[in-house]
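# Descriptive structure summary
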Amino acid sequence: MTSEAASDLSVLARAKVNLALQVTGRRADGYHLLDSLVVFASIADRISVAPAEALSLRVAGPFGAALAGAPDADNLVLRAARSLAGAAGIASGASIVLEKNLPVASGIGGGSADAAATLLALQRLWRVRPDPAALAGIALGLGADVPVCLDGRPCRMRGIGEILDPLPTLPQGWIVLANAGIPVATPAVFRARKAGFSPQLCLPAHFADFRALADWLRLHSVNDLEAAAVAICPPIAGVLAGLAAGPGCLLARMSGSGGTCFALHDDAASAAASAQRLSAQGWWARSGRLGGDPA
Ligand code: C5P
């Protein structure tokens, strides 16, 4: 195996950020129809795989211990591995290491991004390439956010997460992610939502710069799950206020079903200063690029 191939066996699972998330309807089976702008930050977990006879998972990293209390997240990695092995007729195993740098159950797709990264890494390790429709089916079967994480590019996400339209190139900027450290369960947030449904997003053809993107988001979109998440987990309101108070913040909003919130900045220094200030308050906070290379 070449060294290039070896590095392919380590895949970043980037934080997924819903810049906007509108709930536009509800299916008969209870799942909600969404219209969301999804982007990926340079802040990431990492999945590494190596050949082994049996399938195993070791969790490391600052939030590794937190997974003990959130078994679904690590099961998602193993479920992804088993689904791929089943679909591709693979009998051998793999030794998987998950470096958990992102807070768990926090609305930035951690478990979903980990599952997607597992599918990518194991396709390389096992040298299998399921056809795109089969892979998409495996991804959606693992969770509504897994397909968008597997795609990994900024996109508009509709349906329950399976309709993905790539976005025209978005202006690049900086993001601060912050979290009060309280896991928020997605089904509970959807259940607690009281408001009616929002219209579909009406996207402009392009954004002149990052500030124009932030202005458009503030004026023409929302996260429809924010109020319900704050009702379940009031500290989220404090995180939003802390991000909004950071000099240079263009927009502060919650991602996904929470509790991670984000702030958009158009310069690296103010984003880093905001993350430092929020970390000093005892919250998890990181700054990174939106759409740029991993830090
Ligand atoms: O599919 P995933 O595990 O991400 O979703 C967790 C839960 O969130 C679902 O069981 C459902 O209650 C809710 N959900 C929803 N509509 C979506 C995505 C998730 O109602 N589009």
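Just above sits the structure.
An account of the accompanying structure is given in this report. Keep in mind the model is a prediction, meaning the values are calculated, not measured. (Residues numbered from 1 in each chain as written. Predicted model: local features only at pLDDT ≥ 70, side-chain atom pairs only at ≥ 80, totals over all residues. Heavy atoms only, no water.)

### Focus: the layout of surface pockets
Basically, it comes down to this: Buried and open spaces are told apart on a 1 Å grid over the protein atoms alone, a cavity being a set of points where a 1.4 Å probe fits but cannot get out and a pocket being an open set with protein on both sides within 12 Å along at least five of seven lines. Residues with an atom within 4 Å of a point are the lining residues. Grid points are joined across faces, edges and corners, and a volume is the space filled by probe spheres set on the points. Secondary structure elements follow DSSP: runs of H or I of four or more residues count as helices, runs of E of two or more count as strands, with numbering from the N terminus. Side-chain classes follow a simple rule in which Ala, Val, Leu, Ile, Met, Phe, Trp, Tyr, Cys and Pro form the nonpolar group, Asp, Glu, Lys and Arg form the charged group, and the remainder, Gly included, forms the polar group.
Of the voids in this model, the second largest pocket is the one considered here, and its volume is about 380 Å³. In this structure, the second largest pocket is lined by 16 residues; those nearest its centre are Leu 120, Gln 123, Pro 132, Leu 135 and Leu 150. Secondary-structure elements contributing two or more residues to the lining of the second largest pocket are helix 3 (110–126), helix 4 (132–142) and helix 5 (146–151). Here the lining of the second largest pocket gets four residues from one element, more than from any other, and that element is helix 4. A per-class count over the lining of the second largest pocket returns ten nonpolar, one polar and five charged.

### Structural notes on unusual backbone geometry
The omega torsion across Gly 258 and Gly 259 is -5 degrees, close enough to zero to call that bond cis. Phi at Arg 127 takes a positive value of approximately 50 degrees, unusual for a residue other than glycine. By the element assignment, Arg 127 lies in the loop between helix 3 and helix 4.

### A short note on the environment of Asn 75
Let me state the cut-off plainly: Each residue gets one of three labels from its accessible area relative to the maximum for its type: buried under 20%, exposed over 50%, partly exposed in between, using a 1.4 Å probe on protein chains only.
With respect to the element layout, Asn 75 can be found in helix 2 (residues 71–88). Residue Asn 75 is classed as partly exposed on the basis of its relative accessible area of 35%.

### Considering helix 3
We count it as follows: Working rule for helices: expected span equals 1.5 Å times residues minus one.
Taking 1.5 Å as the rise per residue, helix 3 with 17 residues should run 24 Å; its terminal C-alpha atoms sit 24 Å apart, in good agreement. The buried fraction of helix 3 is high, at 15 of 17 residues. In the stretch just after helix 3, Arg 127 is the one whose phi turns positive, near 50 degrees.

### Some details on the pairing of strand 5 (residues 155–159)
The test is simple: Following DSSP output, two strands are said to pair if at least two bridges run between them.
Across the five residues that make up strand 5, a large majority, four, are buried. Where strand 5 and strand 6 (residues 163–166) come together, four bridges link them in antiparallel fashion. From the neighbouring strand, Met 157 faces strand 6, where its bridge partner is Leu 164. Between the end of strand 5 and the start of strand 6, which pair antiparallel, lie three residues, with Gly 161 showing a positive phi angle near 135 degrees.

### Let's talk about the pattern of salt bridges
This is how the line gets drawn: Any Lys or Arg side-chain nitrogen located within 4 Å of an Asp or Glu carboxyl oxygen qualifies as a salt bridge.
Tallied over the entire structure, the rule returns nine salt bridges. With a shortest N-O distance of 2.7 Å, Arg 156 and Asp 35 are connected by a salt bridge. Here Arg 156 is found in strand 5, whereas its partner Asp 35 is found in strand 2 (residues 32–52), with 121 residues between them in sequence. In this structure Asp 35 comes out as buried when scored by relative accessible area, which is 0%. The partner of Lys 100 in a salt bridge is Asp 114, with the nearest N and O atoms 2.8 Å apart. In this pair, Lys 100 sits in the loop between strand 4 (93–99) and helix 3 while Asp 114 sits in helix 3, placing the two residues 14 residues apart along the sequence.

This is a description of form; function is not addressed.
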